[in-house]
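Observations on chain architecture
Here is how the chains run, residue by residue.
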Amino acid sequence: MRVVKIVLPVPLDRSFDYLLPEDMAVIIGARVRVPFGKREAIGIIVGSSEHSDFPLSQLKKINHLIDQESLFTPTLWKSLLWAASYYQFPLGEVLFHALPVLLRQGKPAQEPPIWQWQITEAGKDADLTALKRAPKQQQALAALRHSHLYRHQISALDLNETAFQALKTKGLAQLQESYPAPTRWQDSFAINGERLKLNTEQATAIGAIRSDDKKFGVWLLEGITGSGKTEVYLSVLENILSEGRQALVLVPEIGLTPQTIARFRERFNAPVDVVHSGLNDSERLAVWLRARRGETAIVIGTRSALFTPFKNLGTIVIDEEHDSSYKQQEGWRYHARDLAILHARQENIPIVLGSATPAIESLYNAQSGKYHHLRLTLRAGHAKPASQYILDLKGQPLTAGLAPALLKRMRDHLQANNQVILFLNRRGYAPALLCHECGWIAECPRCERYYTLHQSQRMLRCHHCDSQKPIPHQCPKCGSTHLVAVGVGTEQLDHELARLFPDTPITRVDRDTTSRKGALEQHLSDIHQGGARILIGTQMLAKGHHFPDVTMVGLIDVDGALFSADFRAAERFAQLYTQVSGRAGRAGKQGEVLLQTHHPEHPLLQTLLHQGYESFARQAIEERKSVFLPPFTYHAIFRAEDHDNQQAPQFLQQLRELLETMRNQDAALWILGPVPALQAKRSGRFRWQLLIQHPSRARLQQILHTTREKITAMPQSKKVKWTLDVDPIES
Ligand code: ADP
Ligand code: ZN
Ligand code: ZN
């Protein structure tokens, strides 16, 4: 008997050995039911062997094989195996995560069969008159002699199931299941509507991708908002679809707008399936099945749509590729863009990354020739660029972090019956301590990095060297005692504005107000219908949407981004700023962008305002190179948390000591921490982290593998909740 290796959706990084029943085939990637502890569990077959590390007599037998073929396409299987290893996450959890919920629960991976009543040989020969005492049966048999009947047609024909069951008992009829053949969209495929006349840049971009669209290649399509990127995606898809191949389009969480979907639906006479948070489990499974059978031409969806199995995938498009929602921030912390590129390589197909503000990593890959770089610099529509103003906050009296000049402009825009958006990006920004009079910012003298303010501990802490000191009472530069934490929260701003503008409806869009299913859609429709006049949002609100009545955009907390200990804060700010200034004042109305800062002369602001995102990005790449930050090095963060404030740092300290033994042979390994997380306490747990950095990705992977094996043996690891974040995008 053979031994079968099975993974289960449990947080254990191993497979389990089971015995193969004699009449069962080994199908890698198929589900099985197995006894697990006291219950039965669903697992996935990952391999087989003649041997086990355990005595065969101790192994249990597989109960049941659920699938007759693998649930994963060969390329998806390879990508997921790779991803489990790269993100250092248990394979069982990765594979189950990639499946629709109903499949995780053991539901069949096929459309329900259609049942059909058929006549048997005995039924053909039987004497109808012999049934005259049972007229319904007689009628039913007569009908079957004429043709087979679908079970669901019976009642419409005034026949009943009981009669057919009786015929079955007599051996005169039988029930057959049948599966309809996949429907083919390719036969009726057509491109609809009048096509726009492409401008030269668009035509060049499309021509380049089309000429090379039979093999793997990454195309970075950098195009300002409204430059016609979606038009380029559509044209690339024209060719792919007319060859009968399918396409996957990934969009950010919030980018899934009805307008975007409508454009894909209108252009092609082909089925478009959309995967979004509003779908229920059976709708999700239906899309999964259709894609696998090749019945859908285009799947548009957020992050997890990447795991859709396609019969014949021809290309992947990632819109707003810089968007942070592509990174899963809990459990298996994969990055959908990075994984999509890997997957496109496995499939040997082109992948298009589109953005007005590409991620620094992507731009660097384009600079170094790994990606093809295509640019759209002209605005296709007729939106005018917004006017930009910097408001110097130094010494200004502030209300909820808002300067008088900003409040005044808000009133003007609201009175003109327009909408106002206030952006406040608190996520991932380490709060700094700043002097409101002169703009001085507390800085670690050893590292020349900004201290992070830990309000609850009343400490300033350097996230680089972990030195700390009490919060000072006075500014060392000008002597003022007016020292403030940079930034108010969205919630506080919401409260204050409700007081200042009692008659104006306010909507707040952030993680807290949109966590409930459907809440985001509700907020957005409120905004579109004009029910909300003041919109408060984090960067969630900046993407993919245009609200025609928004004429003013206020960026409330620019300093938080400029002086954050998180080196990605500046990049995120530059992206947000570029997105919103490209958006304010569409639909022919003049827009206005106001930035509040204590440092109007800051070089980043100046570069961004006067030279634009690309110059900013070039500068940022140089800076990161000079201080050994990604993409020039690779990061991983061990995060740990516990109710007791001693446990997590103790665990990470032990981990650090373990890592230090490796550093003795490898000086390129850097270990930073343990330090408290930016959000040092959440749901009653104290959160800490340890960052490790290495210039070689492969070497970092080795280090992580070794470390993770050893962690299991550390008693302290059982006491805390810990996770590993490979290529983190937030510190
Ligand atoms: P992006 O995706 O870069 O923001 P879109 O593709 O949505 O840009 O284009 C912005 C607007 O310009 C859309 O209304 C689109 O229909 C229009 N547009 C795009 N390309 C052209 C073109 N070549 N000629 C005229 N209008 C265009
Ligand atoms: Zn000062
Ligand atoms: Zn320091």
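Shown above is the structure to which this text applies.
The structure reproduced in this document is the subject of the present report.

Here is what the cut-offs are and how they apply
- Residues numbered from 1 in each chain as written.
- Chains lettered and ligands numbered in written order.
- Predicted model: local features only at pLDDT ≥ 70, side-chain atom pairs only at ≥ 80, totals over all residues.
- Heavy atoms only, no water.
- Pairing = 2+ DSSP bridges.
- Helix = DSSP H or I, 4+ residues; strand = E, 2+ residues; numbered from the N terminus.
- Axes fitted to C-alpha atoms, helices over the stretch in contact; angles between N-to-C directions.
- Contact = heavy atoms within 4.5 Å.
- Near = heavy atom within 4 Å.
- Polar contact = N/O pair within 3.5 Å; in protein donor to acceptor, adjacent residues only side chain to side chain.
- Donors = N, O, S within 2.8 Å, 3.2 Å for Na, K, Ca; no water.
- Tetrahedral: all angles 85-135°; square planar, octahedral: opposite > 155°, others 65-115°.
- Buried < 20%, exposed > 50% of the residue type's maximum accessible area, 1.4 Å probe, protein only.
- Phe/Tyr/Trp six-rings, centres within 6.5 Å; stacked < 30°, edge-to-face > 60°.

Details of the sheet that holds strand β15 (residues 372-376)
Across the sheet, 7 strands lie side by side as β11-β12-β10-β13-β14-β9-β15; this open sheet has parallel pairing. Bordering the open sheet on either side are β11 (272-275) and β15, each of which pairs with just one other strand. Sheet twist, expressed as the mean angle between neighbouring strand axes with direction ignored, is 15°. In this structure, strand β10 (residues 246-250) lies alongside strand β12 (residues 298-301), joined through 4 bridges in parallel fashion. Along β12, the bridge assignment pairs Leu-250 with Gly-301. Relative to β15, helix α7 (residues 200-210) is tilted by about 155°, and along the sheet it contacts β9 (217-223), β14 (350-355) and β15. Taken strand by strand, helix α8 (residues 229-242) contacts β9, β10, β12, β13 (313-319), β14 and β15, and its axis lies near 175° from that of β13.

A few points about the site of ligand 1
Within the structure, ligand 1 sits among 16 residues, and Lys-197, Gln-202, Lys-229, Thr-230 and Arg-263 are positioned closest to it. Between ligand 1 and Ser-227, the relevant distance is 3.4 Å, taken from an oxygen atom to a main-chain nitrogen or oxygen of the residue. A distance of 2.7 Å separates an oxygen atom of ligand 1 from a polar atom in the side chain of Arg-263. When residues in the shell around ligand 1 are grouped by element, the largest group, 3 residues, is from α8.

Digging into the coordination of the zinc ion (ligand 2)
Metal coordination angles in their ideal form are 109.5 degrees for the four-donor tetrahedron and 90 or 180 degrees for the six-donor octahedron. In the first shell of the zinc ion (ligand 2), the protein supplies Cys-435 (SG), Cys-438 (SG), Cys-475 (SG) and Cys-478 (SG), at 2.2 to 2.4 Å from the metal. Given 4 donor atoms and angles of 105 to 113° at the metal, the environment of the zinc ion (ligand 2) is assigned as tetrahedral. Binding-site remark: the zinc ion (ligand 2) is held by donors from one chain whose sequence spacing is C-x2-C-x36-C-x2-C. Of this pair, Cys-438 sits in the loop between β18 (433-435) and β19 (443-444) while Cys-478 sits in the loop between β23 (468-470) and β24 (483-485), placing them 40 residues apart in sequence. You can call Cys-438 buried: its relative accessible area is 19%.

So, the packing of aromatic side chains
Within a pair of aromatic rings, the relevant descriptors are the distance that separates the centres and the angle that separates the planes. If you walk through the whole model with that rule in mind, you get 16 aromatic pairs. On the numbers, 5.0 Å between centres and 90° between planes, the contact of Tyr-86 with Tyr-87 is edge-to-face. Take Tyr-86: its relative accessible area is 7%, and that puts it in the buried class. Here Trp-185 and Phe-189 contribute two aromatic rings whose centre-to-centre distance is 5.9 Å and whose plane-to-plane angle is 70°, an arrangement assigned as edge-to-face.

Quick look at the side chain of Thr-75
Note that Thr-75 resides in helix α1 (residues 74-86). Beyond its immediate sequence surroundings of up to four residues, Thr-75 is in contact with His-343, Gln-346 and Glu-347.

Such coordinate-based values are descriptive only and should not be taken to indicate function.
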